[in-house]
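Topology and contacts: notes
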Amino acid sequence: MTSLDLPAWSEPFSHPDALVRSMPLAGVSRAWAWGGSTGAGIRVGVIDSGLEVEHPRLNGRVVDSVAVRLVDGEPEIVPDDGADLYGHGTACAGIILGLAPDVELVSIRVLGADLRGKGTAFAAGLEWAIEQGIGVLNLSLSSKSEALFSVFHDLADRAYFRNVALVCAANNVPAASYPSLFSSVFSVAAHGEPDPRRVYYNPAPPVEFGAWGVDVPIAWKDGGSTVATGNSFAAPHVAGMVALIMAKHPGMTPFEVKAVLAAIADNPIRHEDG
Amino acid sequence: MVVEDDLTAALTALKAVARRSAVARNLQGGVEERLLQSIVDATASLFDAEAASIALFERDPDRLEFRVASGARGAGAIGLRVKPSEGIVGFVFSSGQALVLSDVTKDPRFDQEAAARTGYVPRSVAAVPLLDDEGTVGVLQVLDKRGSPSFSLRDMELLAIFARQATTAITATRVQRDTARLLGEVLRQLADDALTDAQVEALVSEATHDLDDRTEGPFWRLVDHAELLRGMGERETLLVAKILEVVANHEKRRPRRA
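Residues numbered from 1 in each chain as written. Chains lettered and ligands numbered in written order. Predicted model: local features only at pLDDT ≥ 70, side-chain atom pairs only at ≥ 80, totals over all residues.

1. Some points on the interface of chain A and chain B
Contacts between chain A and chain B engage 38 residues on the former and 34 residues on the latter. Per element, the largest residue contribution to the side of chain A that touches chain B is 6 residues, and it comes from strand β11 (residues 224-229) of chain A. Here the side of chain A that touches chain B is built from residues that sort into 17 nonpolar, 16 polar and 5 charged. Where β11(A) meets strand β4 (residues 99-102) of chain B, 3 bridges bridge the pair, whose relative direction is antiparallel. Each bridged residue has a counterpart across the sheet, and for T229(A) the counterpart in β4(B) is V100(B). (Contact = placed C-beta atoms within 7 Å. Helix = DSSP H or I, 4+ residues; strand = E, 2+ residues; numbered from the N terminus. Nonpolar A, V, L, I, M, F, W, Y, C, P; charged D, E, K, R; others polar. Pairing = 2+ DSSP bridges.)

2. Regarding helix α6 (residues 254-264) of chain A
Every buried residue of α6(A) is listed here: P254(A), V257(A), V260(A), L261(A), A262(A), A263(A) and I264(A). Each element contacted by the buried residues of α6(A) is listed here: α1 (30-34), α4 (149-161), β6 (165-169), β8 (200-201), β9 (209-212) and α5 (231-248) of chain A. (Buried ≥ 20, exposed ≤ 12 C-beta atoms within 10 Å, placed from the backbone.)

3. Details of the environment of V139(B)
Along the chain, the position of V139(B) falls in strand β6 (residues 135-145). Separated by 54 residues in sequence, V139(B) and S85(B) place their C-alpha atoms 14 Å apart.

4. Brief notes about the confidence of the model for chain B
Residue and element names in this part refer to chain B. Taken over all residues, the pLDDT of chain B has a mean of 77, while the share at 70 or more is 74%. Confidence, expressed as mean pLDDT per element, reaches its minimum in chain B at helix α4 (residues 112-118) with 63 and its maximum at strand β1 (residues 49-58) with 92. If you check the scores for this complex, the pTM reads 0.79 and the ipTM reads 0.87. (pLDDT = per-residue confidence, 0-100.)

5. A look at the pairing of β11(A)
When a strand is regular, its side chains alternate between the sheet's two faces. Residues and elements named next belong to chain A. β11 sits mainly inside the fold: 5 of its 6 residues count as buried. Looking at chain direction, strand β10 (residues 216-220) and β11 are connected through 5 bridges and run antiparallel. By the bridge assignment, W220 is partnered in β11 with G224. Counting the residues between successive antiparallel strands, the hairpin from β10 to β11 contains 3 residues, one of them, D222, with a positive phi of roughly 55°.

6. Regarding the packing of α5(A) against α6(A)
Residues and elements named next belong to chain A. Running from N to C, α5 and α6 point in directions that differ by 110°, and their axes come no closer than 10 Å. Classified by the interaxial angle, the pair formed by α5 and α6 is roughly perpendicular. Between α5 and α6 the crossing geometry is right-handed. Between α5 and α6, the residues in contact are M241, V242, I245 and M246 and V257, V260 and L261, respectively. Taken together, the residues of the contact of α5 with α6 sort by class into 7 nonpolar, no polar and no charged. (Axes fitted to C-alpha atoms, helices over the stretch in contact; angles between N-to-C directions. Parallel < 35°, antiparallel > 145°, perpendicular 65-115°, else oblique. Left-handed = near helix turned anticlockwise from the far one by under 90°.)

Spelled out as structure tokens, the structure:
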């Protein structure tokens, strides 16, 4: 099937043999990484279709909502109305709160009738969120625009150097996908084990982490709920774990958080004697 | 004057290209629909699904229009229009992100209006974007996999392959549909800065101005007949071609009346 150029980003997470590591980092346990953490003090931005602030699953945790508006093609950031056009952003936020109930959520809406997922709007929303110093950004969407490659590359670097963790869902379709396949971001695909805290480190990038993304119960539009599958729903699990770690260890860099996640991952360990 | 001559030569060449393109388009009427139909048929069959359909983005007003559908329960979707800012298809189109929802009836807003119009409410939906080089042109969706409550990740990734086929088909056929745009682009590239935009537009307009009247006039009647011939055997087609050749040669030899 490889000749068909399938993305197959989730493939490694269904074959544990491919994930075997031989270097357990003994000092780093889950208890050390996030034991007792609720995500308190961390802001998590959801760059998506908006957040339904009144949704029961969001528990009143949305502290700010903005949207990108295009005026003559130029993006500007404006206050948003606290709604979610599709339910997708709310779904992601609900997953994050399920792991890290005390984070503060910021909605950055880059999808909409007038935006139609334009890469420029997405980039503008991302830039705004980085400038605000929001600690963790969940990007369960990506741009297909080759023209914006360098823009997103620059933004990914700026986030990395400012200790902003970009948690990105790898796209399930075979196409360019920015910034989700850049090396500095937390690139996430789905595994099918129904455990929100089960995480895998993939030693064969571009996708580096696997989290639950198959038949996930999610919050949806108008106070509703449904069950969904996709890398979109794997990324917020990792965003939640990143928030837990960053809340417990202030000042930790994205590089260090990645290392901690890899250290506590559920990968099988090969014990080498002698 | 050299420029004038160049423009005349360009116009002659353009007219030939435009005419051939229009003839090809006439001869291949419905090719896009047929290709898309074969893709949704194959998709529904491969996934053993109740229905599969393709919605394409159209402008003025912005909408996603279901162009083809397959499966016993899919037919009702054809012609349906949804806003890009609404529903699962709207999300997949706008975000370019593939999505599978199980138990969609739990979504209080799940295309209730659309479901009422098609008379069919699915339990599960898998939807992937149709991506070309410039962005998303539409959405391929599959409804209700038989014998399974939902679609798997693997289904989703396989579906993306079908989506790519669909996009290739659309791109190929739209090149013909957009003859004028294509001619304009080629002219601009060839001319570098030698032609102003107005000149390019004038040339393209002159080269293509009578192509829309293809149902009128004896030439287009001939094209229509040729389209019918495509359904016949090779012998009939060859015979007609020979007859036409004789007529054309006869016309060539005959001195033109004033």
